[in-house]
Each structure stands twice: as structure tokens, then as C-alpha cells.
Amino acid sequence: MEDIEDLLAGSGNATPPGFRLPLAAAVGVGVGVGSKRNKLSSSPSPAIPGTQTIYIKTFGCSHNQSDSEYMAGQLSAFGYSLSDNPDQADLWLINTCTVKSPSQSAMDTIITKGKSSNKPLVVAGCVPQGSRNLKELEGISIVGVQQIDRVVEIVEETLKGHEVRLLTRKTLPALDLPKVRKNKFVEILPINVGCLGACTYCKTKHARGHLGSYTIDSLVGRVKSVISDGVKEIWLSSEDTGAYGRDIGVNLPTLLKALVAELPADASTMLRIGMTNPPYILEHLKEIAEILRHPCVYSFLHVPVQSGSDTVLTAMNREYTVSEFRTVVDTLTELVPEMQIATDIICGFPGETDEDFVQTVDLVKDYKFPQVHISQFYPRPGTPAARMKKVPSNVVKRRSRELTNVFESFTPYSGMEGKVERIWITDIASDGIHLVGHTKGYIQVLVLAPDDMLGASAMAKITSVGRWSVFGEVVETIDRVSDNKALNKLVPDRDLHSLCVNPAKSGGFSEEPESCACGSDICCSIDKSDVSRGTAVPQNQSNRNFVEWILRKREHLHKKVESELASGSVKKQDGKMKKWDFVDKVLLGGISISILTIIALVAALAFRVIWSR
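The paragraphs below set out a description of the structure included in this document. These numbers were taken from a predicted model, which means no experiment stands behind them.

This part covers the pattern of salt bridges. Taken as a whole, this structure holds 14 salt bridges when the rule is applied. Two residues, R399 and D354, come together in a salt bridge whose shortest N-O distance is 2.7 Å. Of this pair, R399 sits in helix 14 (residues 393-408) while D354 sits in helix 13 (residues 354-367), and the two are 45 residues apart along the sequence. One continuous salt-bridge network, built from bridges that share partners, spans E69, K179, R181, E187, R222 and D229.

A few words on the sheet that holds strand 4 (residues 121-125). Within a sheet, each strand pairs with its neighbour through backbone hydrogen bonds, oriented either parallel or antiparallel. One open sheet accounts for six strands, arranged 2-1-3-4-5-6; its pairing is parallel. Only two strands of the sheet have a single partner each, and these edge strands are strand 2 (81-82) and strand 6 (165-166).

This part covers a nonpolar patch on the surface. A contiguous nonpolar surface patch, about 400 Å² in accessible area, is contributed by I591, I595, L596 and I599. Its place among the elements puts I595 in helix 17 (residues 582-612). Of the residues examined, I595 reaches a relative accessible area of 45% and is grouped as partly exposed.

Enumeration according to the criterion identifies eleven aromatic pairs in this entry. On the numbers, 5.9 Å between centres and 25 degrees between planes, the contact of F78 with Y80 is stacked. Y80 sits in the buried class, given a relative accessible area of 0%. Pairwise contacts between aromatic rings join Y298, F300, W424 and Y442 into one cluster. In this structure, K57 is placed above the aromatic ring of F59, and the distance from its NZ or CZ to the ring centre is 5.5 Å. Here the basic side chain of R467 rests over the ring of W468, its NZ or CZ set 4.6 Å away from the ring centre.

Time to look at the pairing of strand 10 (residues 233-237). Of all the five residues making up strand 10, five are buried; the element is thus mostly covered by neighbouring parts of the structure. Going residue by residue along strand 10, you find E233, W235 and S237 tucked away on one face and I234 and L236 tucked away on the opposite face as well. Taken together, the five bridges between strand 7 (residues 186-190) and strand 10 define a ladder with parallel strand orientation. In the sheet register, E187 faces strand 10, and the bridge partner there is I234. For strand 10 and strand 11 (residues 270-272), the ladder comprises three bridges, and the chain directions are parallel. Paired with W235 across the bridge in strand 11 is R272. Note on the crossover from strand 10 through helix 9 (residues 252-260) to strand 11: the handedness is right-handed.

Moving on, we get to helix 3 (residues 62-78). With 17 residues, helix 3 should reach 24 Å at 1.5 Å per residue; the first-to-last C-alpha distance of 24 Å fits that figure. Buried residues dominate helix 3, accounting for 16 of its 17 residues. Residue G79 follows helix 3 closely and has a positive phi angle near 120 degrees.

Turning our attention to helix 12 (residues 322-335). Given a rise of 1.5 Å per residue, 14 residues ought to cover 20 Å, and the 20 Å separating the end C-alpha atoms of helix 12 matches this to within 8%. Burial in helix 12 covers these residues: V322, F325, V328, V329, T331 and L332. Buried positions along helix 12 lie against helix 10 (285-292), strand 12 (300-302), helix 11 (310-316), strand 13 (340-347) and helix 13.

With burial as the criterion, each face of strand 17 (residues 444-447) is covered, one bearing Q444 and L446 and the other bearing V445 and V447. Relative to strand 17, strand 16 (residues 435-438) runs antiparallel, the two being bridged by four bridges. In the sheet register, V436 faces strand 17, and the bridge partner there is L446. The hairpin turn running from strand 16 into strand 17, its antiparallel successor, is five residues long, and Y442 in that turn takes a positive phi close to 65 degrees.

Glancing now at the environment of D240. Checked against the element boundaries, D240 lands in the loop between strand 10 and helix 9. A sequence separation of 34 residues divides D240 from G274, and the C-alpha atoms of the two residues are 7.8 Å apart. Not counting chain neighbours up to four residues away, the residues in contact with D240 comprise N192, G194, C195, M275, T276, N277 and Y280. Among the polar contacts listed, one links the side chain of D240 to the backbone nitrogen of N277, at a separation of 3.1 Å.

Viewed as axis vectors pointing N to C, helix 9 and helix 10 meet at an angle of 20 degrees, and their least axial separation amounts to 10 Å. Between helix 9 and helix 10, the angle falls in the class roughly parallel. For the crossing formed where helix 9 meets helix 10, the hand is left-handed. Along the contact surface, helix 9 presents L252, P253, L256, K257 and V260, while helix 10 presents E287, I288 and I291. Broken down by class, the residue content of the contact of helix 9 with helix 10 amounts to six nonpolar, no polar and two charged.

All right, on to the nonpolar core then. By size, the foremost hydrophobic cluster in this structure holds 98 residues, and its most contacted members are I54, L75, L93, Y201, L219, I234 and L332. Aside from chain neighbours lying at most four places away, what touches L93 is I54, Y55, I56, K57, M71, L75, V122, A124 and V151. With 18 residues, the next largest nonpolar core counts F185, M416, I423 and V470 among its residues.

Moving on, we come to the sheet that holds strand 14 (residues 371-376). A sheet is described by the order of its strands in space; here three strands give the open sequence 12-13-14, paired in parallel fashion. The strands lining the two open edges of the sheet, one partner per strand, are strand 12 and strand 14. Across this sheet, the average inter-strand angle for adjacent strands is 15 degrees, counted without regard to direction. Where strand 12 meets strand 13, three bridges bridge the pair, whose relative direction is parallel. Pairing of F300 across the sheet is with Q340, part of strand 13. Those strands touched by helix 14 are strand 13 and strand 14, and its axis lies near 170 degrees from that of strand 14.

About the criteria used
Residues numbered from 1 in each chain as written. Predicted model: local features only at pLDDT ≥ 70, side-chain atom pairs only at ≥ 80, totals over all residues. Heavy atoms only, no water. Salt bridge = Lys/Arg side-chain N within 4 Å of Asp/Glu carboxyl O. Helix = DSSP H or I, 4+ residues; strand = E, 2+ residues; numbered from the N terminus. Pairing = 2+ DSSP bridges. Patch = residues over 30% accessible without salt bridge, like charges linked within 9 Å, V, L, I, M, F, W, Y side chains within 5 Å. Areas by Shrake-Rupley, 256 points an atom, 1.4 Å probe, with all protein chains shown as cover. Buried < 20%, exposed > 50% of the residue type's maximum accessible area, 1.4 Å probe, protein only. Phe/Tyr/Trp six-rings, centres within 6.5 Å; stacked < 30°, edge-to-face > 60°. Lys NZ or Arg CZ within 6 Å of the ring centre and 35° of its normal. Right-handed = clockwise from strand over helix to strand, strands pointing away. Expected span 1.5 Å × (residues − 1). Contact = heavy atoms within 4.5 Å. Polar contact = N/O pair within 3.5 Å; in protein donor to acceptor, adjacent residues only side chain to side chain. Axes fitted to C-alpha atoms, helices over the stretch in contact; angles between N-to-C directions. Parallel < 35°, antiparallel > 145°, perpendicular 65-115°, else oblique. Left-handed = near helix turned anticlockwise from the far one by under 90°. Nonpolar A, V, L, I, M, F, W, Y, C, P; charged D, E, K, R; others polar. Core = buried A, V, L, I, M, F, W, Y, C linked by side-chain atoms within 4.5 Å.

Remember, this is a structural readout, not a statement about activity or role.
Here it is as C-alpha cells:
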């Protein structure tokens, strides 16, 4: 059936089943395997709605991630449990991406696995919205990108064995729906859906549609709400941030000024502006630069260029020239201190010649972008580019490798050693040792610090630099979350090894992450994470104490020394390596005291036994 109302017709009850209970505006729900909630509902009764466990898998951009968080919030508010273990779940909710063929293939794989496991399936996102008649979606409930506020209804009816489809709607979902954030410190805020462009390679437009902007008042209200929830970063997300408001008579600078006015004066909460295509910010460059200079706004912008050749850009129907892209980058770099620009490149677009590719390489060499997402061209069914004559696949791969090698040869953070930067700490690195902070220019800084520093701002001295991030040490805390109850409310249980931030490569992108070609912002490789797992702040957290942090730091220091010895960067003194630092001495002292205490107890016990005889 095409709409759930068909199922309810004649029931005599006009209230959809998913809204029988009131939904709270904010839901603090811990998710993931091992949570108390999952244990209590491990054997739910299938006859009682809201007692089952849901597994959510998300592919694609940050806009998709936000949609999954909203769907997770509504399901949690209604009583459903969320699990990152698909085998333990009663239903799988798959939020899909249609940007590239690999992401859709991944969707096909998980659907096949779900069917073979006899799991009820609900497919959401851009794939069903843009290609509702796919063979893979036969017999499966689907929910469109603008129907996420009715996910509870879809899940309820699917668990009853019904196939339902919700794809047609003309109004945007409300921003104040319940939400379970993957990172409790980060709010992904969609400011509009769809776009004004008509790129010949883009399938996202088929799914997200024409531009639809939220009102400034609704967005300001959401910002106020999430700040009161303890959010420390707000990511503005959309298919094209720069096009915001053109359908409702306002523009992006007007919105940004209104949002910035609501941010705390101490810059404890930061704003990050999402991806914008060049055409829609050219007329606002000075105003955008003024916003990016604001203390509460990261000096970072994702501006996709896609090609360094005007010929290719025309074939893509990108509606700007390379010269105009250079104007955007040059102006922002000149007017905004510490400005960082990220961009996207598509290699092997139909008709791209060797000369066109050389122009792209030269553009990347000129600017030495710290972050470049390099993607091979994927023809998407139904797009004009799919009908164009393709570049041979071996040529596409060669160009992609060549450009990747050029990009990885840059050292964008050299010269930062010794500098003291303010950072905002919101993540744990995938190594389980470092916390992840960002500078005003959104450069990733890895620091050794206790977990209660999450959500805090600090001054950090940069001690060393890498290709994708820099390392630092905290020298002064500016804003510290010290109350454990407040921390537990903000940070869900987490798994240290299931973080989407990769300290080895999160500063740049090669061929593997999802392309944000016409999609959302630079954080688009969410296809490896689930809402129930916790992408920016992972799940299954048990707060470590100071001793555990000391052990973690000691392990890191030893690894660092071993690495430096292997590379020859550490010199031996008098034929010996200096091993005993302060941490080692503290640990040795603690161990010695423990041993002496045990000996004393054993001796006392032996003496007591002898005396009793």
C-alpha cells in the first residue's frame, strides 16, 4: 500500500498508532549492547507495541545522520529499545544513501542479510525516495526523507507483518522532534532540504527534491533548545547550505547572524557551517567572512569544486567557473584568520581529458587543501551523466591514485609545533587513548586527558604534527564538565573502538568515504556507523578514573618512544635510553606500596595463626 492511512481506513480511530503516547521534546536514552535498557527488554512481547528492539544502520551524509537521530529519538520516546547488535534486534531500520553505487550496494547487502535472517525491515532515506520501484525494495516497508516523523507508525505496522510505504509529503518534519544524538555534544541541524542545482551526475536531487528551507525562527528555537541540553557543537547541514532561504525570501548571512546571537558569549558552544556550493555564496562572501571570524564559529568551510576544468564543470552543470571558485577561496582565506577550506574532486567524469585532469591537479597543488575528498565517477541510474560516454575505468583509477598521491604529499600543519591553541573537545579517538578536540580552524588536535574533559574547552600546546591531525597537551582548562551526573547525562555509554573519527586519517579524505558530491557537509562517511552505536561519541562508556588514565598515558608514552627509536629520532644517552619518567615513578611507587601491604597482611595473618596455637 502507498500510505499507512490505507491500513487505518475504517478503523474508526483517526489517531495514527505511533502517536498514542505524548512524545517528549528531548530524550536522553542510552543505546548499545550491554545497556540496562537492552537487558530489561531482551525478550519483548511482539504483541505489545513499543517493547521491541530496533537496530538502525545509517549510510551517507550528516543530514542522513540527523534523520536517523530523529527517528531513533521517536522510537525511544515510544518505548522501543535501540541496539547496535543486529542479531538481537526485532526489526532493522536502514537509512540509505544514493550518492554513489557502493553505498547502494551496501544497502543491498544488508537487506539480503536481513531477509535471510527473517528480520522485519524498514528502509528509509534517499534510495527509496529516489528509486521506489527498485527490485531490492519489493516486499519491504519504506519511509521517505520527509516522513521521518512517522517512523513509529511504520515500525509498528511492519512488526505486525504489514508492508507500508510513506513517500509523499509537501511539508518539512518539525525540528523539535525527540532525538537521540550519536554524539551528545554535537547537534546536526538541517537548515534546509533539497537544492537549487541540477548537476548532471547527482541522484540526491531526485530524493531530496527542490529547495525547502526551515524558517529562521524555528532554527533559532532549536539552537536555544540544544544549547540548554549541553550541546557544544552545532553543525549546520543541508544539501547546499549556501542556497538557504532563497525559497522563503531570506539568505544564509541573515540566518547565521540570528544563530550566532544565541550562542554563549564564552564560546563554550561552537557553530560549524556546512557544505556550500560556490554559486550561492559569491554575492555574500564578505558577510560570510564576518561570520567565520566570530569567536563562536569555526573558521572552516566545505566548498566542493569537483574539477579544475571549466569544460568539465560545464558538463557537470555546476553553474560556476574555476575562476569563481578561486575567488571564493582567495577571499575567505584573505579575510578570515586560520581559515581552512575543504573540497571535493570527482575523477574521471565523462569526457574528462588528460588536459582537464592536469588542470585539476594544478588547482589542488596551488591551494594545498588540508582536506580533499577524492572520488571516482559513479554513473547513477536516471541521471544525464549516466548516458554520457564514460572514461575507461583503468584511466579513472589511475587519475584517482595520482591525485591522491599529490594530496597526501602536502604537510598542511607544519609550523604549528609549539603554538598554544584553544580547542573544543567532543570526541574520543579510535585508539582509545586520545581525546579529540578542534581548533578555531577545525584542525583536529589529539590530546591525552581524562574523559571528563569531554565537552570542555581548553588551551592546548601543539607538541607534534601529523599529516591528518596534530598532537597537543592541555595547559589550561577553560570550560570543564566536572559533575559526573551531568557528564553521564551528556555522554552515552560508548565503545572506545567504534568511533567515526580516525586520528590517522580524519583530517583528509581519499577514495573510500562516501562522496558528498551534491550532498551534505564534509563529515559524510557515516556509512560505517549506526545510530545505535554512537558515531561521534561511541557507546558503552564506563567512566575511567585517574589511575586508568595514567595507565593509558604511560602506554602511549612508551609506544611513542619505541616509535621514535625505530625512526632514529630519539638519541640514546650514554648507551642507554631514558626510560623512567614521572608517570613510571608514580606507578612503581604504587606497585611497591601494594606489594609491601600484601606482605604485611600475610605476615600478620601468619602471626595470628601461630599465636592462636
